[in-house]
Structures are given as C-alpha cells and as structure tokens.
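Fold and geometry: a report
These are the residues of each chain, in order.
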Amino acid sequence: MKKILLIGATGQLGSAILSDTPSFGLEVVYFPKAELDAANNIQVEEKIKATGPDILINTSAYHLLPECEEHPEKAMEVNVAAVYRMAKLCKQYGVTFVNYSTDYVFDGEKGSLNAEIDPVHPLQIYGISKAAGEFAVMDAHKEGSFIIRTSGLYGGRTGSRSKGGNFVLNIIKEAQGKDTLEVASEQIVNPTYAGHLGAASLRLLSSGAAPGIYHLANEGYCSWAEFATEAFRLAGKRTRVIPVDRGGKNGIITRPKFSALENIKAKKLGIKLPSWQEGLVSYFNFLNSPTK
Ligand SMILES: NC(=O)c1ccc[n+]([C@@H]2O[C@H](COP(=O)([O-])OP(=O)(O)OC[C@H]3O[C@@H](n4cnc5c(N)ncnc54)[C@H](OP(=O)(O)O)[C@@H]3O)[C@@H](O)[C@H]2O)c1
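The rules we used
- Residues numbered from 1 in each chain as written.
- Predicted model: local features only at pLDDT ≥ 70, side-chain atom pairs only at ≥ 80, totals over all residues.
- Heavy atoms only, no water.
- Helix = DSSP H or I, 4+ residues; strand = E, 2+ residues; numbered from the N terminus.
- Rg over C-alpha atoms; globule rule 2.2 N^0.38 Å.
- Buried < 20%, exposed > 50% of the residue type's maximum accessible area, 1.4 Å probe, protein only.
- Contact = heavy atoms within 4.5 Å.
- Areas by Shrake-Rupley, 256 points an atom, 1.4 Å probe, with all protein chains shown as cover.
- Lys, Arg positive; Asp, Glu negative; His and termini not counted.
- Charge placed at Lys NZ, Arg CZ, Asp CG, Glu CD.
- Near = heavy atom within 4 Å.
- Polar contact = N/O pair within 3.5 Å; in protein donor to acceptor, adjacent residues only side chain to side chain.
- Nonpolar A, V, L, I, M, F, W, Y, C, P; charged D, E, K, R; others polar.
- 1 Å grid on protein atoms, 1.4 Å probe; cavity = no way out; pocket = protein on both sides within 12 Å on 5 of 7 lines; lining within 4 Å.
- Points joined across faces, edges and corners; volume = space filled by probe spheres on them.
- Axes fitted to C-alpha atoms, helices over the stretch in contact; angles between N-to-C directions.
- Parallel < 35°, antiparallel > 145°, perpendicular 65-115°, else oblique.
- Left-handed = near helix turned anticlockwise from the far one by under 90°.
- Pairing = 2+ DSSP bridges.
- Core = buried A, V, L, I, M, F, W, Y, C linked by side-chain atoms within 4.5 Å.

Some points on the overall build of the protein
Within the protein, the regular secondary structure consists of 10 helices and 14 strands. For 292 residues, the compact-globule estimate of 2.2 N^0.38 gives 19 Å, and the protein sits close to it at 18 Å. Seen through its C-alpha atoms, the protein measures out along the principal axes to roughly 55 × 40 × 40 Å. Per-residue burial for the protein yields a buried fraction of 52% across its 292 residues. Pairs at least 24 residues apart make up 81% of the contacts formed inside the protein by residues separated by at least 6 positions. As displayed, the protein has an accessible area near 13200 Å², and 53% of this comes from carbon and sulfur atoms. Put simply, the protein has 32 plus and 30 minus side-chain charges, and the middle of one group is 4 Å from the middle of the other.

What about the site of the ligand?
Lining the immediate environment of the ligand, one finds 26 residues, of which Thr10, Lys33, Ala38, Ser160 and Arg161 sit closest. Gln12 is positioned with one of its backbone polar atoms (N or O) 2.9 Å from an oxygen atom of the ligand. Between a nitrogen atom of the ligand and a side-chain N or O atom of Lys163, the distance comes to 3.2 Å. Within the complex, the protein chains bury 89% of what would otherwise be the 910 Å² of accessible surface of the ligand. Of all elements in the fold, only α1 (12-20), β4 (96-102) and α5 (125-141) reach the threshold of two or more residues within the shell around the ligand. With 3 residues, β4 is the largest single contributor of residues to the shell around the ligand. Along the lines of polarity and charge, the residues of the shell around the ligand split into 8 nonpolar, 13 polar and 5 charged.

Some details on the layout of surface pockets
In this structure, the second largest pocket occupies an estimated 530 Å³ of space. Taken together, 22 residues line the second largest pocket, and the ones lying closest to its centre are Ser15, Ala16, Ser19, Arg157 and Phe286. Broken down by secondary-structure element, the contributors of at least two residues to the lining of the second largest pocket are α1 and α7 (194-206). At 6 residues, α1 tops the list of elements feeding residues into the lining of the second largest pocket. Residues belonging to the lining of the second largest pocket are distributed by class as follows: 6 nonpolar, 12 polar and 4 charged.

Looking at the packing of helix α2 (residues 41-51) against helix α4 (residues 72-93)
At a minimum axis separation of 10 Å, α2 and α4 run at an interaxial angle of 30 degrees. Our classification of the angle between α2 and α4 gives roughly parallel. The handedness of the crossing between α2 and α4 comes out as right-handed. Seen from α2, the contacting residues are Asn41, Val44, Glu45, Ile48 and Lys49; seen from α4, they are Arg85, Met86, Leu89, Gln92 and Tyr93. A class-by-class count of the residues in the contact of α2 with α4 yields 5 nonpolar, 2 polar and 3 charged.

What about the environment of Ile213?
You can see Ile213 is positioned in strand β10 (residues 212-215). For Ile213 and Ile147, which are 66 residues apart along the polypeptide, the C-alpha to C-alpha distance reads 4.7 Å. In contact with Ile213, other than residues within four places in its own chain, are Glu116, Glu134, Met138, Ile147, Arg149 and Lys265.

Examining empty space enclosed by the protein
Inspection of every chain in the model, using the stated rule, returns 1 cavity of 30 Å³ or more. For the largest cavity, the full set of lining residues is Asn58, Ser60, Ala61, Val78, Asn79, Val83, Asn99, Tyr100, Ser101, Lys130, Gly133 and Glu134. Going through the elements one at a time, α4, β4 and α5 are the ones with two or more residues in the lining of the largest cavity. Of the residues assigned to the lining of the largest cavity, the class counts are 4 nonpolar, 6 polar and 2 charged.

Structural notes on the sheet that holds strand β5 (residues 145-150)
Pairing is parallel in the open sheet, where 6 strands are placed in the order β2-β1-β3-β4-β5-β10. Edge positions in the sheet fall to β2 (27-30) and β10, since each of these pairs with one other strand and no more. For this sheet the average axis-to-axis angle between neighbouring strands, irrespective of direction, equals 25 degrees. As paired strands, β5 and β10 are joined by 4 bridges and run parallel to one another.

Comments concerning the nonpolar core
Counting 23 residues, the largest nonpolar core has Ile57, Val98, Tyr100, Leu204 and Leu216 as the members making the most contacts within it. For this core, the elements supplying multiple residues, two or more each, are β1 (3-7), α1, β3 (55-58), β4, β5 and α7. Broken down by element, this core gets its largest block of residues, 5 residues, from α7. Discounting residues that sit within four places of it in the chain, Leu216 has contacts with Ile148, Arg149, Thr150, Thr192, Leu197, Ala200, Ser201, Leu204, Asn263, Ala266 and Leu273. Grouped together as the second largest cluster of nonpolar side chains are 22 residues, Tyr154, Val168, Ile172 and Val183 included.

In structure tokens:
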C-alpha cells in the first residue's frame, strides 16, 4: 500500500484528499501545522525520514490575493522557495512530489480554454508566485513531480480558514436579506469542488501517469455571476444576481478574464471530472450530510 504524507489536511482540498484515500487503497499520514510547517525545511525532512512516504502532497499555499500584493516576499517564500525545498527533499529521498497551482498563471487573453502546454503569463503577484513555483518544482525534481492546476476551488464545511470561507459559502451569506446582488460577469472560470479535485488527483496518482503539469478542474465554464445564480437556485435563495463587468479589476488586483482550464492530459488517461453544475450539487449534498 502506497503511503502519502499530506500537508494541509485541514484545508478545503486537503480534507477532501484525506477522506478519499482509503477508497483508493492508499495510506495517509499528516501532522498539525505546528509540527509540520511546509516552509520549515528541517521539519519537512524530519517527517519524510520518520514516515517514509511514497508521495508528498502539498496543498498549502499563500493564496490570499490582496495579501500577496502587499507581501510579495512572503508569496515568493511560501509559493516558490518552500515548494522548491520540498521538491528537492523529495528528490533526495526518492519521493513523488505533488503541488497545486492555479488558473491564475494565465492572463486569459486567449479567450478560450487554457491547455497545459499554453504559455503562462500571470497578471498579479499570486499568479507570478505560483507560476514561479511550477518552474522551481520542475527544476528541482522534474522526473518525480506532479503540478496540478485547478480553478475557483471550494469545499469543506467552512471553506478555507485563511481565506475566510469560499465563494459559495460567502455569496450565500452575502445574499442574506437582499433582493439583488451584483456579481462579476467578465471572469470566466471553471469553479471546482474540492471533493472532485481530491478524487481526480488520487486517481491520477494511482494511474501510473507520467509526472508533469496536469489540469484538473470541473468540466465546462461560467462567469462568477452564472455560478452564483446556480448556487442560489440550489440553495433555494430568491436573491437575483445582477451581472456586472468590472473589467477584471478588483481593487488593486487584476484578474484574468478567461482563465478556465481544459483537462486535456487527464482526459487522455480516462480521468474526467464532473461538470461545474454537478460540482455544486455534490457540494450542497456534502454540506447537508451529517458531520462524521
Ligand atoms: N482556493 C482557490 O480558489 C484555488 C484556486 C486554484 C488553485 N488553488 C490552490 O489549491 C491549493 C489548495 O487550496 P485550498 O483552497 O484547499 O487551501 P486552504 O483551504 O486554505 O488549505 C490550506 C491548508 O494548508 C495549511 N497550511 C497553510 N500554510 C501552511 C504551512 N506553512 N505549513 C503547513 N500547512 C499549512 C492550512 O492550515 P490553516 O488553515 O491552519 O492555515 C490548510 O490546512 C493551493 O495550492 C492553492 O493555491 C486554490
């Protein structure tokens, strides 16, 4: 049985991976952040030595966009330097490394789905740091690393702690008591349910796939306004979404207008994710299920 050392087990994606590992016949070990800080090379090496994993999956990141703009050096430390050190350690100990990246490595100018081989051109510090992290991983441990890009991730009962939730939970809260709500219409994404991404990631790792960059996002694409409309419909909310074109701007941050991803390589391996609409249905089912 292959063993996974998982970083970020309490996060949206990490918790999904954690709950899915038994059904893939995989063993998983994880530690509290205080004992295994992804940016602490000594702790990472200690835990690799102590647990002897076949695979290290890192779901941690510095991913608050405004904070990345304010603290670019921290974004580079967490999303590039720490990731580079983890990849190097994995190479040293013969461990497969898995790191997650984002649709924000693209500028969206293509105007259609972005493929794995399309050139990256990020528009803000977060995307710059994640793109640099991809290059760093490939430099350190190309033959043994998977970089999985995803888009508009949401999951978990409370979403991401550091992000204060996720789009679905926050938009429903924001709609409370409102007849209408303005939501961005110009950014095209493929919002992805963490439960589907976690399962697809484990399927990819169990498939004998070659290391490299993979896109794993729920199928199809939509604007945030369309996504909010569907979320309100499923949640039984009467709030009407007013689509607004903000030109990709949100305060000081520029976002790509068409960052949605095409899962070309995964599909060739027979790994197909459900549609973004099915992602939302699965998420509401999860939220309505009893806590284990
Ligand atoms: N969210 C999105 O829309 C989105 C879109 C595209 C790609 N991604 C990428 O997908 C990945 C997973 O994102 P997510 O939304 O699942 O994140 P998340 O919910 O915020 O979870 C991150 C996890 O990592 C932990 N963590 C943070 N810093 C750590 C550190 N230094 N050492 C060890 N653990 C640490 C967090 O613990 P605490 O909560 O206690 O800090 C949490 O358990 C990230 O690489 C992200 O960049 C996300």
